[in-house]
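# Per-entry structural report
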Amino acid sequence: MTQTDLSSRKASRRRVTLEDVARAAGISKATASLALNGRECIAPDTRRLVREAAERLGYEANVLAQNWSRGGCLTTIPILLSGLDLGVRTQKLQHIQAEIARRGYDVPVYVYGIPGKGDSSDPTALVSTIRRQRPRALLCNIESELRPETVAELNRYRDEGGTLLCYDYAVPLECDQVLFDREDNTYRATCHLQEHGHREIGFCFHGDPTPVNPRLNGFRRALRESGAEYRPDWTFFERGYEAAGARLAERFLALPAGDRPTALCIVNDAVASAFINQVRNAGLNVPGDVSVVGHDDSRAAAYCAVPLSSARHPVDEIAEAVVSLLFERVEGDSSGPRRVALQGTVTARASVAPPRAAA
């Protein structure tokens, strides 16, 4: 290989610079930079000319350098989650991410922890890394209790001028929050069973028992208001989804036939669907022997072996509220922290009927 060939190859591998683009377009470097950043002060024809030159030369912006020069990732809005699932949490994430991206922002997703596994991962270091990147805004979906160190990092990001918004779960932070009223959701589901004449009702939550459980609080409030008895032995906590429903069915079938609840309020459609399949395989009739109401009103609920009555999780409304509040802040709203609480409704299907004695 000759020296000329080597020089040619080195030149071909040289990174195309903003100066190259400006030279090809016949304008200054400053004008080229403004054009590539979409600034409205640049004429549309000039922007088009610069972008065509950049594409022709294979120019790629140095994102890190741009970030430093601007003092932050002004086109980045990350989302931090304490875990993902196969249902509503991921659906909300997809909706929010798509709407923000549609407005021209990068939306990286950071996930720590595994829901339903008792995971106690500490996100402090991750939050600190995100904070130092100085994104335009930060969205948080955090179910687990925040450690003081994590709260301090999030507060520091906000105090440094960042836009912080939390959704789904309440957090001890002075920021905008979009919350889903889980207590009301389960309250409505239980009332739906009571409206069909059920007074002997069991409850299943796909997680761990905690001192403050809004789902259980809503269930017990509905029983209390109707004068129905709360039975601790009819309260089941199961981790997971379909396998949890199978285990719930085993525990239900192990109860004496004359001492079983006539209905179950099951938090999560996947658990409820698996439960229905297992008890039907054991010879019971749903809703004849036991009525079932699920939660989330997932797409699959209408197509279960027995179409499932379910308390709807307002996925779209939550996502739309998050995006709306977020861009009000991005566009300059400096009012105090706002809190939006959203509630669901119950979709009635074939899995709920009056108990046999009341039919």
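Figured I'd write up the structure that's included with this text. (Residues numbered from 1 in each chain as written. Predicted model: local features only at pLDDT ≥ 70, side-chain atom pairs only at ≥ 80, totals over all residues. Heavy atoms only, no water.)

## Topic: helix H11 (residues 242-254)
The end-to-end C-alpha distance of H11 is 19 Å, a good match for the 18 Å that 13 residues give at a rise of 1.5 Å each. Looking only at H11, the buried set comprises Ala244, Gly245, Leu248, Ala249 and Phe252. Projected down its long axis, H11 carries its buried residues within an arc of 145 degrees, all on one side. Away from its buried face, by an angle of more than 90 degrees, H11 presents the exposed residues Glu250 and Ala254. On its buried face, H11 is in contact with strand E6 (201-205), strand E7 (235-237), strand E8 (263-267) and helix H12 (269-281). (Helix = DSSP H or I, 4+ residues; strand = E, 2+ residues; numbered from the N terminus. Expected span 1.5 Å × (residues − 1). Buried < 20%, exposed > 50% of the residue type's maximum accessible area, 1.4 Å probe, protein only. Arc of directions from axis to C-beta. Contact = heavy atoms within 4.5 Å.)

## Thoughts on the packing of H11 against H12
Between H11 and H12, whose axes approach to 7 Å, the crossing angle comes to 45 degrees. Of the possible angle classes, the one that applies to H11 and H12 is oblique. Judged by the sense of rotation from one axis to the other, the crossing of H11 with H12 is right-handed. Listed contacts from H12 to Glu242, Ala244, Gly245, Ala246, Leu248, Ala249, Phe252 and Leu253 of H11 are Ala270, Val271, Ala274, Phe275, Gln278 and Val279. (Axes fitted to C-alpha atoms, helices over the stretch in contact; angles between N-to-C directions. Parallel < 35°, antiparallel > 145°, perpendicular 65-115°, else oblique. Left-handed = near helix turned anticlockwise from the far one by under 90°.)

## Here we look at the sheet that holds E8
Strands sit in the order E7-E6-E8-E9-E10-E12 across an open sheet of 6 strands; the sheet is mixed. Each having just a single partner strand, E7 and strand E12 (346-347) make up the two edges of the open sheet. Relative to E12, strand E10 (residues 309-312) runs antiparallel, the two sharing 2 bridges. The partner of Ala311 across the bridge, within E12, is Val346. On the sheet, H12 packs against E6, E8, strand E9 (291-296) and E10 and is oriented at approximately 155 degrees with respect to E9. (Pairing = 2+ DSSP bridges.)

## Considering the side chain of Thr150
The residue Thr150 is located in helix H8 (residues 148-159) in this model. Overall, the relative accessible area of 0% leaves Thr150 in the buried class. Non-local contacts of Thr150, meaning those with residues more than four positions away in its chain, are made with Asp122, Pro123, Thr124 and Val127.

## Considerations on unusual backbone geometry
In the segment running from Val286 into Pro287, the intervening peptide bond is cis, with an omega of 15 degrees. Although it is not a glycine, Asp168 adopts a positive phi angle of roughly 85 degrees. Of note, the phi angle at Asn268 is positive, near 125 degrees, even though the residue is not glycine. Within the secondary structure layout, Asn268 lies in the loop between E8 and H12.

## Some points on the nonpolar core
Soluble globular proteins tend to bury their nonpolar side chains together. The biggest cluster of nonpolar side chains holds 24 residues, and the ones touching the most others in it are Ile96, Ile100, Leu139, Tyr167 and Leu326. Among the elements of the structure, strand E1 (79-81), helix H6 (88-102), strand E3 (137-141), strand E4 (163-168), strand E5 (176-180) and helix H13 (315-330) are those that each provide at least two residues to this core. For this core, the leading source of residues is H13, giving 9 residues. Filtering out sequence-adjacent residues up to four positions away, Leu326 remains in contact with Ile77, Ile100, Ala137, Leu139, Thr163 and Leu165. Membership of the second largest hydrophobic core comes to 23 residues, among which are Trp234, Ala244, Leu264 and Val279. (Core = buried A, V, L, I, M, F, W, Y, C linked by side-chain atoms within 4.5 Å.)

## Let's talk about the pairing of E9
Burial runs high along E9: 6 of the 6 residues are buried. Taken together, the 3 bridges between E8 and E9 define a ladder with parallel strand orientation. By the bridge assignment for E9, Cys265 is matched with Val293. Crossover handedness for the path E8 to H12 to E9: right-handed. For E9 and E10, the ladder comprises 4 bridges, and the chain directions are parallel. Bridge pairing in E10 places Gly294 opposite Ser310. (Right-handed = clockwise from strand over helix to strand, strands pointing away.)

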